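Summary of the model geometry
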Amino acid sequence: MDPLGVRVVLAPRQTLLFCGFLAGGVALGTVSGLTPGIHANTFALLLAGVAPSVPGPVRYVGAAMLAAGTVHTFLDVVPALALGVPDPAMASSALPGHRLVLAGRGREALRLSAIGSAGAVVIAAPLAIPMTRAMTAIYPTLRAHLPLLLGGVVVVLVLTEATDLGRLGAALSVGASGALGILVLDLPAGGLVDSGGMLAPIFTGLFGAPVLLDALTGEGVPEQEEANVSASRRSIAGLALIGTLSGAVVGYVPGVSSAIAATVALLAVSGDGPRAFVVTTSGVNTANTIFALLALVALGTPRTGVMVAVDEAGVPLDLPLMLGSVLAAAAAGFVLVVTLGDGYLRRVGQADYTKLSVGVLCLVLVVILTLTGPLGVGVFGLSTLVGLVPVKFGARRASLMGVLLVPLMIGV
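Residues numbered from 1 in each chain as written. Predicted model: local features only at pLDDT ≥ 70, side-chain atom pairs only at ≥ 80, totals over all residues. Heavy atoms only, no water.

**Side note on the environment of Leu75**
- Along the chain, Leu75 turns up in helix H3 (residues 58-75).
- When the C-alpha positions of Leu75 and Leu110 are compared, they lie 9.1 Å apart, and in sequence the two are 35 residues distant.
- Every residue in contact with Leu75, bar those within four places of it in the chain, is listed here: Gly29, Thr30, Gly33, Leu34, Leu336 and Val337. (Helix = DSSP H or I, 4+ residues; strand = E, 2+ residues; numbered from the N terminus. Contact = heavy atoms within 4.5 Å.)

**Side note on the side chain of Ser246**
- Among the secondary structure elements, Ser246 is positioned in helix H10 (residues 233-252).
- Note on Ser246: relative accessible area 14%, which makes it buried. (Buried < 20%, exposed > 50% of the residue type's maximum accessible area, 1.4 Å probe, protein only.)

**Observations regarding the confidence of the model for the protein**
- On average, the protein scores 82 in pLDDT, and the residues at 70 or more come to 86%.
- Averaged pLDDT values over the elements of the protein bottom out at 68 in helix H2 (residues 40-50) and peak at 94 in helix H8 (residues 164-184).
- Taken as a whole, residues 1-10 scores under 50 in pLDDT and shows two contacts with residues more than four places along the chain or in a different chain. (pLDDT = per-residue confidence, 0-100.)

**Examining the nonpolar core**
- Leu66, Val78, Ile202, Leu206, Phe291, Val337 and Leu405 are the most contacted members of the largest nonpolar core, which totals 101 residues.
- Residues within four places of Val78 in sequence aside, it is in contact with Leu34, Leu83, Leu110, Val337, Gly341 and Tyr344. (Core = buried A, V, L, I, M, F, W, Y, C linked by side-chain atoms within 4.5 Å.)

So this is what it looks like as structure tokens:
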């Protein structure tokens, strides 16, 4: 019995079993993070479906889901950097990060992403209780004025373009992607597994396919330089803080995704270059996992696909166990993004980029067909056409986030 009156019981078998489930979750998150077109929600929903038949405590299945989701937030930057195929949550920084790779700074970008995600974990821990209280208090006001806030984001996205042609392209991109979102976001996915909706074909088409199509005639990924990080510790800490606070909003406010929060956060760092994009978006992505867990425990409402899966599986809300799973998975993710990411970039650089791009496009189509069926393939094709709009006008691809912003603004 410790001084606080908490009974500490050592159970080696249970500890080993827990570590086994945790390792399985880390492995699943690694596969989903490194595979273009697969989201963490996919494996989480699959685990939720099989949870009753898994031999072991359901709380350990929940730990595996959380570990998979956390590791995914670290590793999903790798295909976004190397191939230009982003996870939805990484879409806003996909092109700036890819530019770093083309400039030979891909290894630095991987480390910036790992630091941004790890920084979010470090910052989120002491902010957990005060942020939960603050967001619970201001949620009604924020929710009531959310359309106005998102409308302001759209206006800023358009007006901050450098040229008149860019502003026109941004406006058209917001309008076209917004119309796309209204038409297809709520379409039922008819794939072989429950993938959680149409986000995969939409975001892969908007942000990934145009990059792969451009790469068909490109020179590929150049040799990457040394991995030293040029940004200062102070600036990285500030960017991680912005990402963490934005991720907190996602965790507590329904309807606002990591992609939207990242877009809002990036408006604050848009003048700081692609390194700021990578750190901030990674921070948003990982912080979202932590604060969504706190929202589930404190408010009983799941805000992300992984938390929905945890809730549907009937996982007991054991905060120490669940938070410990997230922290352990974050440590694993930090190591994996650097070790596996460097090898990923090296292999992509050695490959014939035209053949690689064709192969990745075929893989993406297979994944989309499996997850969302023929309808998802059609959505992917339509999204790809819309994704070409900002390229033609020299506008930022962040304006394509209208696919989520516009439907949410008008309450669709």
